[in-house]
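# Topology and contacts: notes
The lines below spell out each chain.
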Amino acid sequence: MRTQVAIIGGGPAGLLLAHILDRHGIDSVVLERQTRAYVLKRIRAGVLEAGTVELLREVGLGERLNREGHSHDGSAIAWAGRERFFIDTKKYTGKSMMAYGQTAITEDLYAARDAAGGQIVDEAADVQLHDLTSDRPCVTFDKDGASRRIDCDYVAGCDGFHGVSRQSTPDSMLRTFDKGYPFGWLGIMSETPPFPDLCYCYHQRGFALASMRSPMLSRYYIQCDLDTRLEDWPDERFWEEFKARCPQKMADAIVTGPSIEKSLAPLRSFVAEPMRYGRLFLAGDAAHIVPPTGAKGLNLAVSDVFYLSRALADVYRRGDPRHLDGYSDMALRRVWGAVRLSWWLTNLLHRFPGDTAFDQRMKESQLDYLASSEHAQASLAEQYVGIPFEE
Ligand code: FAS
Ligand code: PHB
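Definitions and limits used
Residues numbered from 1 in each chain as written. Chains lettered and ligands numbered in written order. Predicted model: local features only at pLDDT ≥ 70, side-chain atom pairs only at ≥ 80, totals over all residues. Heavy atoms only, no water. Pairing = 2+ DSSP bridges. Helix = DSSP H or I, 4+ residues; strand = E, 2+ residues; numbered from the N terminus. Domains from an automatic or database assignment. Contact = heavy atoms within 4.5 Å. Salt bridge = Lys/Arg side-chain N within 4 Å of Asp/Glu carboxyl O. Polar contact = N/O pair within 3.5 Å; in protein donor to acceptor, adjacent residues only side chain to side chain. Buried < 20%, exposed > 50% of the residue type's maximum accessible area, 1.4 Å probe, protein only. Axes fitted to C-alpha atoms, helices over the stretch in contact; angles between N-to-C directions. Near = heavy atom within 4 Å. Areas by Shrake-Rupley, 256 points an atom, 1.4 Å probe, with all protein chains shown as cover. Nonpolar A, V, L, I, M, F, W, Y, C, P; charged D, E, K, R; others polar. Parallel < 35°, antiparallel > 145°, perpendicular 65-115°, else oblique. Left-handed = near helix turned anticlockwise from the far one by under 90°.

Moving on, we get to the pairing of strand β11 (residues 146-151). Looking at chain direction, strand β10 (residues 138-143) and β11 are connected through six bridges and run antiparallel. Within β11, the residue paired with Lys143 across the bridge is Ala146. Hairpin connection between β10 and β11: a loop of two residues separates the two successive antiparallel strands, and Asp144 in this loop has a positive phi of roughly 50°.

What follows covers the domain arrangement of the protein chain. Segmenting the protein chain into domains produces domain 1 (5-73 + 98-178 + 268-349) and domain 2 (181-267 + 352-385). When each unit is reduced to the centre of its C-alpha atoms, the spacing between domain 1 and domain 2 is 28 Å. Of the residues lining the interface, 28 residues belong to domain 1; the matching set on domain 2 comes to 27 residues. Taken together, the connections running from domain 1 to domain 2 amount to zero salt bridges. For the pair domain 1 and domain 2, the number of links is nine residue pairs in polar contact (both at pLDDT 80 or more). Those elements that provide at least two residues to the side of domain 1 that touches domain 2 are β4 (70-72), β17 (259-273) and α11 (327-349).

Our next topic: the pattern of salt bridges. Side chains bearing opposite charge may pair, as long as their charged atoms lie close to each other. What the rule picks out here adds up to 28 salt bridges. The shortest N-O distance in the salt bridge between Asp235 and Lys262 comes to 2.8 Å. Of this pair, Asp235 sits in helix α7 (residues 235-244) while Lys262 sits in strand β17; the two residues are 27 residues apart in sequence, bridging distant segments of the chain. Residue class for Lys262 comes out partly exposed when judged on its relative accessible area of 22%.

A few words on the sheet that holds strand β2 (residues 28-31). Strand order in the open sheet made by the six strands is β8-β2-β1-β12-β19-β18, with mixed pairing throughout. Two strands lie at the open edges of the sheet, namely β8 (119-121) and β18 (276-277), each paired on one side alone. Sheet topology places strand β1 (residues 5-8) next to β2; four bridges connect them, and they run parallel. Bridging from a neighbouring strand, Ile7 pairs with Val30 of β2. Across the sheet, helix α1 (residues 12-23) is in contact with β1, β2, β8 and β12 (154-157); its angle to β1 comes to roughly 160°.

The local shell around ligand 1 holds 30 residues, among which Glu32, Arg42, Arg44, Gln102 and Asp285 are the closest. Between an oxygen atom of ligand 1 and a side-chain N or O atom of Glu32, the distance comes to 2.7 Å. Take Arg42: an N or O atom from its side chain is 2.8 Å from an oxygen atom of ligand 1. Protein chains shield 86% of the accessible area of ligand 1, which is 990 Å² for the free molecule. Only α1 and α9 (297-318) provide two or more residues apiece to the shell around ligand 1. Residues belonging to the shell around ligand 1 are distributed by class as follows: 14 nonpolar, nine polar and seven charged.

Below, the discussion takes up the packing of helix α12 (residues 357-372) against helix α13 (residues 374-385). At a minimum axis distance of 5 Å, the contact between α12 and α13 shows a crossing angle of 95°. Judged by the inter-axis angle, α12 sits roughly perpendicular to α13. Of α13, the residues touching α12 (which contributes Tyr369, Leu370, Ala371 and Ser372) are Glu374, Ala376, Gln377 and Leu380.

This next bit is on the site of ligand 2. As a matter of local geometry, ligand 2 sits amid 13 residues, with Tyr200, Ser211, Arg213, Tyr221 and Pro292 nearest to it. Side-chain polar atom of Tyr221 to an oxygen atom of ligand 2: 2.6 Å apart, as the coordinates give it. Protein contact buries 97% of the 280 Å² of open area that ligand 2 shows by itself. At the level of secondary structure, the elements contributing two or more residues to the shell around ligand 2 comprise β15 (208-214) and β16 (217-224). Top element by residues in the shell around ligand 2 is β15. It accounts for three residues. Among the residues forming the shell around ligand 2, the class breakdown is seven nonpolar, three polar and three charged.

Running from amino to carboxyl end, α11 crosses α13 at an angle of 120°, the nearest separation of the two axes being 10 Å. Comparing the axis directions of α11 and α13 gives the class oblique. For the pair α11 and α13, the sense of crossing is left-handed. The residues of α13 that touch α11, namely those facing Arg340, Leu341 and Trp344, are Leu380, Gln383 and Tyr384.

Turning our eyes to something else, we now look at the sheet that holds strand β20 (residues 288-289). Overall, mixed pairing links the eight strands, which are arranged β6-β5-β14-β15-β16-β13-β17-β20 in an open sheet. Of all strands in the sheet, those with a lone pairing partner are β6 (82-88) and β20, marking the two edges. Alignment of strand β13 (residues 175-190) against β17, held across 13 bridges, turns out to be antiparallel. Bridge assignment links Ile188 to a residue of β17, and that residue is Lys262. Most of the contacts of α7 go to β16, to which it runs at about 75°, and overall it touches β13, β15, β16 and β17.

With that settled, consider the side chain of Arg219. In this fold, Arg219 is placed in strand β16. Judged by its relative accessible area of 2%, Arg219 is buried. A polar atom in the side chain of Arg219 sits 2.7 Å from the side chain of Glu261. Once residues lying within four places of it in the same chain are set aside, the contact partners of Arg219 are Ile43, Gly187, Ile188, Met189, Leu209, Ala210, Ser211, Met212, Arg213, Glu261 and Ser263.

Next comes the structure, spelled out in structure tokens:
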């Protein structure tokens, strides 16, 4: 097989890149390790930045998003004993956020690739990248018991944190930054009407988040210990703990119901620099991981794909390599901004083991300052809604 761009990973980053390249007349093949059903079963991100929504609409993926997405003008932060306040992205930036699940985006992307006759190889095993520093890289993999090879011009590593792409860069060429957090998130999905606003709760018992997917599909999270076991958290216990972490008025408004999904996610901040090695370009979780506190993970994958697809289109259409040569630096400027916001919000809103009374006062003072200062709120709002893409 031969293609212009071999894309490793059929998650949101890989599928969106294939979709946008196709619109520029650039052909690609997506190699996905899992089955499509497995990929579509994943429940992950739920909140889209304004730039993500705009890009998805621009590239013809807005129809279901406009119909089923829940546009909202920001998110609330609540904490015990004080009135909650609103990160009003509309007031301070003129832009809105959109609640629309990553699962739906992945479904929309698979449907768009199928409609365009896009090449997606599911269950591609043992993917390996070769000759990345030459001008004739290639990818090998096993499928249906046979070894296959794809010759290409470029390889896009969109295979997530545990993928093969980042590991194909020699350690001597890669610098990584890694920070683990001493807790995780226990999340549930329930077919109940969601709490009206997306609301982050700070509490001495730990962090909690009320989110949504649709008018009858709610997503809730509570901070949990790293050794938490799902079997120790029946629905009743989850709801009781969630409500204990909200202000009373909010707890009284929560509509509980049976969970249709329950999962644990560890929190991590990770960045690999540079996001390029020869003809290999990394995008999405393959290059960076953020704690979900700032709702940045999926949005960063989208911004990487915006920059990489624009860069490849410049090369193929005009022979202009400037955006491609500048891809890693440009993507990383946005990545580090999102990593910093996610780290800052995670430290502010979670209870860390060993937090002293002083640490607690620092967090409460920061929250009081946020609640009282329009400047502080404007700064948080512009970061939360997403900094505009660079030209
Ligand atoms: P993905 O990991 O989504 O996709 C990578 C794809 O590559 C996968 O389909 C994988 O099967 C495939 N792959 C891996 N290795 C391969 C190989 N060797 N060969 C071929 N294919 C290979 N973000 C938020 O904003 N909010 C959230 O609440 C949130 N919750 C999350 C919960 C969990 C458990 C996880 C893991 C992430 C969460 N995220 C969240 C972040 C998440 O949304 C990611 O940012 C998003 O999936 C990034 O998309 P991709 O970069 O495409 O990576
Ligand atoms: C979600 O709805 O899954 C979600 C919302 C906001 C976050 C993280 C996750 O910060």
